[in-house]
Amino acid sequence: MTASEYTYRPANLTSVVMADGHSEATWTPSPEWGNPVGNVHGGYIALLVDDVAGMALMSVIGSGAPTVTLQVDYLNAMPLGRTYTARGDVVRAGKATAIVDVHVYDAEELLVARGKCYFQLPSAWRERKSSAEQTRT
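Residues numbered from 1 in each chain as written. Predicted model: local features only at pLDDT ≥ 70, side-chain atom pairs only at ≥ 80, totals over all residues. Heavy atoms only, no water.

## Description of the overall build of the protein chain
Link 1 in the chain: Looking only at helices and strands, one finds two helices and six strands in the protein chain.
Link 2 in the chain: Its helices and strands taken in sequence order, the protein chain reads β-β-α-β-β-β-β-α from the N to the C terminus.
Link 3 in the chain: Among the 137 residues that make up the protein chain, the fraction classed as buried is 38%.
Link 4 in the chain: Put simply, of all contacts in the protein chain between residues at least 6 apart along the chain, 62% involve residues at least 24 apart.
Link 5 in the chain: Summed over its atoms, the accessible surface of the protein chain is roughly 7,200 Å², and 51% of this surface lies on carbon and sulfur atoms. (Helix = DSSP H or I, 4+ residues; strand = E, 2+ residues; numbered from the N terminus. Buried < 20%, exposed > 50% of the residue type's maximum accessible area, 1.4 Å probe, protein only. Contact = heavy atoms within 4.5 Å. Areas by Shrake-Rupley, 256 points an atom, 1.4 Å probe, with all protein chains shown as cover.)

Right, dumping it as structure tokens:
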């Protein structure tokens with residue numbers, strides 16, 4: 001699935017790549033997304049992680065899926081006015097759930113946040129996955 005096929009794109013998310021269980025996006029947070037000390041508010045970082053994870057998963061299953069669990073580790077400050085790169089990778093897409101890891105880097109490739117999302121996969125995916133497994137046996 002190409003980025004042009006992915007219709008939902010949060011504000012300021014650019015350079016989107018989605019293919020083969022991987023996604024990458026460049027993100028410049030808006031000033032209104034800041035906290036009182038001038039860094040990006042953690043809720044917006046979680047939104048970035050969730051969206052990039054969803055894009056990686058979409059490149060595998062061909063559709064969206066609801067997030068069941070979202071975990072984010074905030075490792076370094078993310079000052080406003082800078083550009084960040086988020087990379088997502090599908091760890092596993094089973095019959096019912098999927099796991100996707102996301103890493104967020106600053107311009108110097110310093111890891112500033114990391115996250116993990118668990119998704120509930122749609123029944124259409126379960127049916128395709130079961131058919132593919134039966135074909136192999």
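## Notes on the nonpolar core
Link 1 in the chain: Core analysis: the largest hydrophobic core is formed by 33 residues, its most contacted members being Trp 27, Met 78 and Val 104.
Link 2 in the chain: Taken together, the elements giving at least two residues each to this core come down to strand 1 (13-19), strand 2 (22-27), helix 1 (42-61), strand 4 (84-93), strand 5 (97-105) and strand 6 (111-120). (Core = buried A, V, L, I, M, F, W, Y, C linked by side-chain atoms within 4.5 Å.)

## Focus: unusual backbone geometry
Link 1 in the chain: Even without being glycine, Asp 20 reaches a positive phi, approximately 50°.
Link 2 in the chain: Considering the arrangement of structural elements, one finds Asp 20 in the loop between strand 1 and strand 2.
Link 3 in the chain: Accessibility expressed as a relative area gives 77% for Asp 20, which makes it exposed.

## Quick word on the environment of Gly 64
Link 1 in the chain: One can find Gly 64 in the loop between helix 1 and strand 3 (67-74).
Link 2 in the chain: When neighbours within four sequence positions are excluded, Gly 64 is seen to be in contact with Met 58 and Pro 122.

## Let's talk about the side chain of Ser 59
Link 1 in the chain: Examined against the element boundaries, Ser 59 turns out to sit in helix 1.
Link 2 in the chain: On the accessibility criterion, Ser 59 (14% relative accessible area) is buried.
Link 3 in the chain: At 2.9 Å, the side chain of Ser 59 forms a polar contact with the backbone nitrogen of Gly 21. (Polar contact = N/O pair within 3.5 Å; in protein donor to acceptor, adjacent residues only side chain to side chain.)

## Some details on the sheet that holds strand 5
By definition, the strands of a sheet pair up through backbone hydrogen bonds, in either a parallel or an antiparallel sense.
Link 1 in the chain: Within the open sheet, the six strands sit side by side as 1-2-4-5-6-3. Their pairing is antiparallel. The open sheet terminates on both sides in strands that have one partner only, identified here as strand 1 and strand 3. Each strand axis lies, on average, 15° off the axis of its neighbour in the sheet, ignoring direction.
Link 2 in the chain: Sheet analysis places strand 1 next to strand 2, joined by five bridges and oriented antiparallel. Bridge pairing in strand 2 places Met 18 opposite Ser 23. (Pairing = 2+ DSSP bridges. Axes fitted to C-alpha atoms, helices over the stretch in contact; angles between N-to-C directions.)

## A few points about the environment of Trp 125
Link 1 in the chain: Here Trp 125 lies in helix 2 (residues 123-136).
Link 2 in the chain: On the basis of relative accessible area, Trp 125 is assigned to the buried category, the value being 11%.
Link 3 in the chain: Beyond its immediate stretch of four places on either side in the chain, Trp 125 contacts Val 60, Ile 61, Ala 93, Gly 94 and Lys 95.

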